[in-house]
Amino acid sequence: MTYYQDKDLTIRPMLPSDCQAFYESFAAHDWHKPLAQFQRYFQEQEQGVKRILVAAWQGEVAGYTTLLPQAPAGPFAGKGWPEVQDFNVLPPFQRRGIGSRILEAAEDLASQTSDTICLGVGLHSGYGTAQRLYVKRGYVFDGSGLWYRDKPLEQYAPCAADDGLVLYLSKKLVRREFRPLTQEELVPELFRCFDRFQIVEKCWRKVEGQWVVKDVVFTERWGEKDYRFLCQCLRNTMATGGQVWGAFLEGRLKGFASVEGPLVGSRKQYADLTSIHVSADARGHGLGRRLFLLAEDTARQLGAEALYISAHSAVESQAFYKAMGCVEAREYLPAHVEQEPCDCQLERRV
């Protein structure tokens, strides 16, 4: 499972090889973190004790955090809120937005089980960058004051400005859920809070072998008839061995993606991503990216070499697919070209 991916950055679970890589990388920057610590993290991940989110920049480990299912101590103990612990980005990779992406991925995971995520942050200058990032991302102090070595620090009590001196913060989350849909769910009522609306002003067109942007203006909005037809198509996808993923916010469907079961292409190299849509009121929150990654997982399970996408040619839509690493398909599927001659035929290696 990949938690986040773009052309440079991947956020994924920990691999056995990461233990040595992190140990050596931290040591190279005079930052002592024992090898046994990373080996323990990997074991805890495999045992399901915690999630380890590793950021790799162009294939090189760049940072990580751990996410516990719930806070084990401090003011949030017993509330059932997932807690971020041990959050680090290596010095050469700082100021590239990697830390924010790691936190975003952790928040996304936490939102699937809780409406709140929490953490503790140290107070000495070594935590300054993290302090600013937490506030920027909307974390707020809980009001319980200073804690020292897992105990509340009384007024005027002595302490040391070490890693045990912390303040606790939390952040409210929108509950998210990503899961396969079932045949029984696929009725128009499922889409009552879904708005397929898009204003298009510019589209990509291939002219004499070159891709150019042209002024193409129209508005797309689905109605009741479209949703009835969509349900028929998605039920057929499942009936023929495919997978349909749903993205839910606070229990309401706000996105979906479908991958067909039968592989296509001259060598059966493609898994066909026949739909991926996010409701107009839920765009810009990472739902499409997460659905695309789930579609990639499905393609791998089906034994495909790549996803095939007959994609909407709107400039905004193509920007999304480019960010996900899609390129022009090596082989065009005639059925798609015939049905949607203005689409861009793309693929994404999996």
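Scroll up to find the structure this text is about.
Residues numbered from 1 in each chain as written. Predicted model: local features only at pLDDT ≥ 70, side-chain atom pairs only at ≥ 80, totals over all residues. Heavy atoms only, no water.

A.B. asks: Residue-level account of the packing of aromatic side chains, with values.
C.D. replies: One pass over the structure, following the stated rule, counts 24 aromatic pairs. Each ring, one from F38 and one from Y41, has its centre 6.3 Å from the other, and the planes form 80 degrees; the classification is edge-to-face. Here the residue F38 and the residue Y41 both occupy positions in helix 2 (residues 35–46), the gap between them amounting to three residues, near one helical turn. Per residue, the accessibility class of F38 equals that of Y41, and both read buried. Sitting over the face of the ring of F26, K33 holds its NZ or CZ atom 5.7 Å from the ring centroid. (Phe/Tyr/Trp six-rings, centres within 6.5 Å; stacked < 30°, edge-to-face > 60°. Helix = DSSP H or I, 4+ residues; strand = E, 2+ residues; numbered from the N terminus. Buried < 20%, exposed > 50% of the residue type's maximum accessible area, 1.4 Å probe, protein only. Lys NZ or Arg CZ within 6 Å of the ring centre and 35° of its normal.)

A.B. asks: Which residues make up the side chain of T65, and what are the values?
C.D. replies: Locating T65 in the fold gives a position in strand 4 (residues 60–68). The class of T65 is buried, set by a relative accessible area of 0%. Within the local environment of T65, its side chain forms a polar contact with the backbone oxygen of Q85, the two atoms lying 3.2 Å apart. Setting aside residues up to four positions removed in sequence, T65 forms contacts with R51, I52, L53, V84, Q85, D86, F87 and I102. (Polar contact = N/O pair within 3.5 Å; in protein donor to acceptor, adjacent residues only side chain to side chain. Contact = heavy atoms within 4.5 Å.)

A.B. asks: Requested: an account of helix 1 (residues 16–28), with residues and values cited.
C.D. replies: Residues of helix 1 that are buried include every one of D18, C19, F22, S25 and F26, and no others. The buried residues of helix 1 occupy an angular sector of 150 degrees when the element is viewed end-on, so they sit on one face. Summarising the geometry of helix 1, the exposed residues directed more than 90 degrees from the buried face are P16, S17 and A28. Those residues of helix 1 hidden inside the fold are in contact with strand 2 (9–13), helix 2, strand 3 (51–57), strand 4 and strand 5 (83–89). Once helix 1 ends, the next one or two residues include D30, with phi positive near 55 degrees. (Arc of directions from axis to C-beta.)

A.B. asks: Account for the nonpolar core, naming residues and giving values.
C.D. replies: Of all hydrophobic cores here, the largest spans 41 residues; its most connected members are I11, M14, F22, I98 and Y134. Of all the elements, helix 3 (residues 98–110) adds the most residues to this core, at seven residues. Ignoring any residue separated from it by four or fewer positions in sequence, one finds I98 in contact with L9, A55, W57, A62, V89 and F93. Counting 28 residues, the second largest nonpolar core, distinct from the first, contains L273, I276, L294 and A311. (Core = buried A, V, L, I, M, F, W, Y, C linked by side-chain atoms within 4.5 Å.)

A.B. asks: Tell me about the packing of helix 1 against helix 2, residues and numbers included.
C.D. replies: Where helix 1 contacts helix 2, the two axes come as close as 9 Å, and the packing angle between them is 150 degrees. Overall, the two elements helix 1 and helix 2 adopt an arrangement that is roughly antiparallel. Classified by chirality, the crossing of helix 2 by helix 1 is right-handed. Residues P16, C19, Q20, F22, Y23 and F26 of helix 1 form the contact with helix 2, whose own contacting residues are L35, F38, Q39 and F42. Of the residues assigned to the contact of helix 1 with helix 2, the class counts are eight nonpolar, two polar and no charged. (Axes fitted to C-alpha atoms, helices over the stretch in contact; angles between N-to-C directions. Parallel < 35°, antiparallel > 145°, perpendicular 65-115°, else oblique. Left-handed = near helix turned anticlockwise from the far one by under 90°. Nonpolar A, V, L, I, M, F, W, Y, C, P; charged D, E, K, R; others polar.)

A.B. asks: Help me get a handle on the environment of V61, residues and values and all.
C.D. replies: Within the secondary structure layout, V61 lies in strand 4. Judged by its relative accessible area of 7%, V61 falls in the buried class. When the C-alpha atoms of V61 and F22 are compared, they prove to be 7.0 Å apart, with 39 residues separating the residues in sequence. When residues no more than four places from it in sequence are discounted, the contact partners of V61 are R12, D18, A21, F22, S25, V54, A55, A56, L90 and F93.

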